[in-house]
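Summary of structural features
One-letter residues, chain by chain:
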Amino acid sequence: MEGSLIYNRCVELPDAYEAQLMVRQEKPGNRPPTGEKETIYRARVWIGTTWQRDPMAYWSQEHRDPVLAVDACYRMLLAAAPAVIKSLDALGAVAALVDEHFSGAVPAGEFTYPLAGR
């Protein structure tokens, strides 16, 4: 199900690992007939490597608030990473990325919440 992309961050991690965190807004009219009347924000996380085409892990959650959906991306990344990433340096980079997000630090040249109205 496609919707409006409201957050997208691709991260290169040590030892050729990669992660993508994204949130899409799905309006009620774009959703299957489930009775949902509210806009849903679908948080998605992919973890992979530069040498494999398919992701090693894919997690997804639905939220009713866009900020909570972005936060969920970082929580899912932290939870999924140890199961598929075998590099201690890459796991350390994931932990630093999550700490950076929740501490409110903004890396040079990046926006933590590229959402309208923030």
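Residues numbered from 1 in each chain as written. Predicted model: local features only at pLDDT ≥ 70, side-chain atom pairs only at ≥ 80, totals over all residues. Heavy atoms only, no water.

Compared with an ideal rise of 1.5 Å per residue, which puts 19 residues at 27 Å, helix 1 (residues 66-84) spans 27 Å between its outermost C-alpha atoms and is within 8% of the ideal. If you check which residues of helix 1 are buried, you get Ala-69, Val-70, Asp-71, Ala-72, Cys-73, Tyr-74, Met-76, Leu-77, Ala-80, Ala-81 and Val-84. The secondary structure elements touched by the buried residues of helix 1 are strand 1 (4-12), strand 2 (17-26), strand 3 (40-49), strand 4 (57-63) and helix 2 (88-103). (Helix = DSSP H or I, 4+ residues; strand = E, 2+ residues; numbered from the N terminus. Expected span 1.5 Å × (residues − 1). Buried < 20%, exposed > 50% of the residue type's maximum accessible area, 1.4 Å probe, protein only. Contact = heavy atoms within 4.5 Å.)

For Ala-93, the position within the fold is in helix 2. With relative accessibility at 22%, the residue Ala-93 sits in the partly exposed group. As for Ala-93 and Leu-13, which are separated by 80 residues in sequence, their C-alpha atoms are 6.4 Å apart. Beyond its immediate sequence surroundings of up to four residues, Ala-93 is in contact with Leu-13 and Pro-14.

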